[in-house]
Structures are given as C-alpha cells and as structure tokens.
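Residue-level listing of the chains:
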Amino acid sequence: MPGLFITGTDTNVGKTIITAGLAVYLRKRGIPAGVMKPLESGCISGSPSSDSSYLKKISQSSDDLDQINTYAFEHPLAPGVAAELEGVEISLDRIVESFRRLELLHRFVLVEGAGGAMVPISPNKNMADLMEILQLPILLVAKMELGTINHTLLTIEYLQKRGLPIVGIVLSSTKEKLDLSAKYNISTLTK
C-alpha cells in the first residue's frame, strides 16, 4: 500500500502523535515515509507549534513545509469554516497535487486529517471526500475514555457506508490514569 490516511473520531484524539510515531517506526525500518497534514487550523503557517511542523521535525522530513501542509488557517475551527472566515477557497485538486508530489518522493505517505471524517472542507465536501480521492487505507484514532464506543462505531459505520477501507483502530490517551471505561472499551468495540 502507498500509505495511510490517519483520521480521528474527533479533534485532539492523538492523530498527530500517532502519525509522527508511525513515521519514526517506518524510518527505523528503512522506509523514510513522507508526512502530510493537508488542512490545519488554529495555527499560523510554518509556526513551530503547528502539527505540520511537528510532523516534519519528528519524521526528519526534508520536504518543504508547503508540501506537507497545503492549507493552514489561523482560526481554530473546522478547516471549511476557517477557510470561509478567512476568505480562502480550499481546492481538493491542490491537496491531491501536493500528495502526488510527496508520493513521487516516498514509497509510503502518512496523511493526517483534521478532526474527523465528517469535518467540512468546503460547503459540499468533507474529510471523507478527501479520503475517497486519495484512496488510502484508513487508520482511525479514538480517545481511550468514556464516549469512545459511540464515536468510534459511528465513524466506522459512516466510513464503511462510503466504501472506505479501515485497516485499524488506535485508542489513545493523554491522561496518566484511565477512567473505568478504558477497561471495557477494547472488548466492547471488538464485539
């Protein structure tokens, strides 16, 4: 497979950490994977605190940041909403062009989405539309906490109805101590 599309059940679920970790894992196995965060909001383009800058640094990518990140928006909103507010029209063709350039440079490309599958990109396109165009298998990242069963199953159902292939689920947590639901989330989702 040429890469993975990493999406989440929500924002702040750990997509960037998982994507960076996969890039490091692949590099250690002799596969210098390309990384891409095509849509990012709540940051200034090129800022060291942006997800795309973090991915570039951790993956040790020599690719230009404008190839890794096609659109960056200052407002911390869904990319489609931030774009409208900032007077920018997002072009899926431009994102695909950036992806294709990365694909020529790397055997494997990790593409990190923004938010979840139904996050708007434009008035009539969402993140799942981008997943469909790129035709990459999907890795779903979800929070390891109460509520994840519903969010995860809804996302899986939506992606399956669209015929998009899910290759795995990662449950992540930034908390030192997990709540009681963590004990049951994996077994419940497996069933």
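Above this text you will find the structure in question.
The sections below set out a description of the structure shown in this document. In this text, all values refer to a predicted model and were calculated from it rather than measured experimentally.

## Description of the overall build of the protein
Working step 1: Regarding its fold elements, the protein presents eight helices and nine strands.
Working step 2: Taken against the 2.2 N^0.38 rule, which gives 16 Å for 191 residues, the C-alpha radius of gyration of the protein at 16 Å falls within 12% of a compact globule.
Working step 3: Across its three principal axes, the protein shows a C-alpha extent of roughly 45 × 40 × 35 Å.
Working step 4: Counting every position in the protein, which comprises 191 residues, the buried fraction comes to 48%.
Working step 5: The contacts of the protein with a sequence gap of at least 6 include a subset with a gap of at least 24, amounting to 76%.
Working step 6: If you sum the accessible surface of the protein, you get close to 10,100 Å²; carbon and sulfur atoms cover 54% of it.

## Topic: a nonpolar patch on the surface
Working step 1: On the surface, Leu77, Val81 and Leu85 cluster together into a nonpolar patch covering about 240 Å² of accessible area.
Working step 2: Positionally, Val81 belongs in helix α4 (residues 79-85).
Working step 3: On the accessibility criterion, Val81 (40% relative accessible area) is partly exposed.

Cut-offs applied
Each chain carries its own residue numbering, running from 1 in the written order of its sequence. Only residues with pLDDT of 70 or above have their local features reported here, since the model is predicted, and side-chain atom pairs are shown and tallied only from 80 upward, although totals for entire chains, interfaces and linings are computed over all residues. Excluding hydrogens and water, the side-chain values take into account all heavy atoms of the structure. Comment: elements are numbered from the N terminus, with helices defined as DSSP H or I runs of at least four residues and strands as E runs of at least two. Throughout, radius of gyration means the C-alpha value; the globule benchmark is 2.2 Å times the number of residues raised to the power 0.38. Note on exposure labels: buried denotes an accessible area under 20% of the residue type's maximum, exposed denotes more than 50%, and partly exposed covers the range between, all computed with a 1.4 Å probe on protein chains only. It only takes one pair of heavy atoms within 4.5 Å for two residues to be counted as in contact. In this description, accessible areas are obtained by the Shrake-Rupley approach with a 1.4 Å probe, and a residue is regarded as covered only by the protein chains that are shown. Only residues above 30% relative accessible area that lack a salt bridge enter a patch, with like-charged residues linked at up to 9 Å and the nonpolar side chains Val, Leu, Ile, Met, Phe, Trp and Tyr linked at up to 5 Å. Salt bridge, as applied in this entry: a Lys or Arg side-chain nitrogen positioned within 4 Å of an Asp or Glu carboxyl oxygen.

That is the geometry; function is a separate question.
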